[in-house]
Amino acid sequence: MKKLIFALLLAACSLTASAVELKSEGRDPGYVETILKRSQKIVDKLELKDKAQAEAVLHIIANRYFELNDIYEARDARKAEFKAMNLPEEYQKLANDFVRYECDSKLYRSHFAFPATLGIYLDDEQVTAVIDGMTYGVVKVTYDSHVDMIPSLTEEEKAQLMAWLIEARELAVDAENSNKKHEAFGKYKGRYNNYLAKRGYDLKAEREAWYKRIEERKAKEAKKSKKERK
């Protein structure tokens, strides 16, 4: 009897977990279609075999985009509301601070709820892959390019780069658009460049040498390709 009850409970949990509603009601159909296509590209890279699982993850990602849009639209509406009041400068500043605090509070709740919800369907590595997908894979691209550009980086310096890139990704995943996402990474890349400069690296020289190596690789690959076609 206990085994039967346990099996029924598991089945009930499975049914509950498999259904994730797409929160598209009241939204522009064109916008919904755009978000679904964007989200589907991220899901496709996970190569999930279970269709119900894939659909649930798709809806979670799309709903996250919807939620971020709602948060930032509400922020802009509040700012416009206060601006229309023609408040004295000091009060306008307080109003803007309040709007920013209100927006950040919503983002804070949303930020931690998102990976937690994904975690119902995905393992930690897959959750990270989703977040990477939503931030254009900048962590890997930036890390690989820096390591390739400066082969003499120590393990400590590589670890510091990765730590800051992950921190930047946490901010970028909440950003309102692609420009803001790249801006978040840009700040941390600037911090890392300053860090390397203080450790004695000549970044201009490293970059110039890197560009030269890239051109040499291209020439070598072109020569190899030409030889193979003969």
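Before reading on, note that the structure itself is shown above.
Here's what I pulled together on the structure shown here. Predicted, not measured: the structure shown is a model, and the values here were computed from it.

### Section: the overall build of the chain
- Secondary structure summary: the chain contains nine helices and zero strands in total.
- Mapped in sequence order, the helices and strands of the chain form the string α-α-α-α-α-α-α-α-α.
- Its C-alpha radius of gyration of 23 Å places the chain more than 25% over the 17 Å reference for a compact globule of 230 residues.
- Here the C-alpha coordinates of the chain stretch approximately 65 × 65 × 40 Å along the principal axes.
- Burial status across the chain gives 31% buried among its 230 residues.
- For the chain, contacts bridging at least 24 residues in sequence account for 70% of all contacts bridging at least 6.
- When the accessible surface of the chain is summed, it comes to about 15,600 Å², and 56% of that surface belongs to carbon and sulfur atoms.
- Of the charged side chains in the chain, 42 are positive and 39 negative; the average position of the first set lies 6 Å away from that of the second.

### Things to note about helix α3 (residues 51-83)
- In this model, α3 (33 residues) spans 48 Å end to end at C-alpha, consistent with the 48 Å of a helix rising 1.5 Å per residue.
- Between the side-chain oxygen at the start of α3 and the backbone nitrogen of alanine 52 there is a gap of 2.9 Å, and the oxygen is on aspartate 50.

### Regarding a positive patch on the surface
- Taken together, the side chains of Lys79, Lys83, Lys180 and Lys187 define a basic patch exposed on the protein surface.
- Inspection of the secondary structure puts lysine 83 in helix α3.
- The exposure class of lysine 83 is exposed, given its relative accessible area of 64%.

### A closer look at unusual backbone geometry
- Despite not being glycine, glutamate 47 has its phi angle at roughly 55°, a positive value.
- Note that glutamate 47 resides in the loop between α2 (29-46) and α3.
- Taking relative accessible area as the criterion, glutamate 47 reaches 62% and is therefore assigned exposed.
- Although it is not a glycine, asparagine 86 adopts a positive phi angle of roughly 55°.
- Following the sequence through the fold, asparagine 86 ends up in the loop between α3 and α4 (89-118).
- The class of asparagine 86 is exposed, set by a relative accessible area of 67%.

### Digging into the pattern of salt bridges
- Applying the stated rule across the entire model yields 16 salt bridges.
- Residue lysine 93 pairs with aspartate 97 through a salt bridge whose shortest N-O separation is 3.3 Å. Of this pair, lysine 93 and aspartate 97 both sit in helix α4, four residues apart, which is roughly one turn of the helix.
- Notably, a salt bridge pairs arginine 199 with glutamate 156, separated by 3.6 Å at the nearest N-O pair. In this pair, arginine 199 sits in the loop between α8 (178-198) and α9 (203-229) while glutamate 156 sits in helix α7 (residues 155-172), placing the two residues 43 residues apart along the sequence.
- Judged by its relative accessible area of 51%, glutamate 156 is exposed.

### Considerations on the packing of α4 against helix α5 (residues 124-134)
- Running from N to C, α4 and α5 point in directions that differ by 130°, and their axes come no closer than 9 Å. As summarised for this structure, α4 and α5 are arranged oblique, according to the angle between their axes. Every pair of crossing elements has a handedness; the one defined by α4 and α5 is right-handed. When α4 is examined against α5, the residues Phe114, Pro115 and Leu118 are found in contact with a partner set consisting of Val127, Val130, Ile131 and Met134.
- Counted by class, the contact of α4 with α5 contains seven nonpolar, no polar and no charged residues.

Reading guide: rules and limits
- Residues numbered from 1 in each chain as written.
- Predicted model: local features only at pLDDT ≥ 70, side-chain atom pairs only at ≥ 80, totals over all residues.
- Heavy atoms only, no water.
- Helix = DSSP H or I, 4+ residues; strand = E, 2+ residues; numbered from the N terminus.
- Rg over C-alpha atoms; globule rule 2.2 N^0.38 Å.
- Buried < 20%, exposed > 50% of the residue type's maximum accessible area, 1.4 Å probe, protein only.
- Contact = heavy atoms within 4.5 Å.
- Areas by Shrake-Rupley, 256 points an atom, 1.4 Å probe, with all protein chains shown as cover.
- Lys, Arg positive; Asp, Glu negative; His and termini not counted.
- Charge placed at Lys NZ, Arg CZ, Asp CG, Glu CD.
- Expected span 1.5 Å × (residues − 1).
- Polar contact = N/O pair within 3.5 Å; in protein donor to acceptor, adjacent residues only side chain to side chain.
- Patch = residues over 30% accessible without salt bridge, like charges linked within 9 Å, V, L, I, M, F, W, Y side chains within 5 Å.
- Salt bridge = Lys/Arg side-chain N within 4 Å of Asp/Glu carboxyl O.
- Axes fitted to C-alpha atoms, helices over the stretch in contact; angles between N-to-C directions.
- Parallel < 35°, antiparallel > 145°, perpendicular 65-115°, else oblique.
- Left-handed = near helix turned anticlockwise from the far one by under 90°.
- Nonpolar A, V, L, I, M, F, W, Y, C, P; charged D, E, K, R; others polar.

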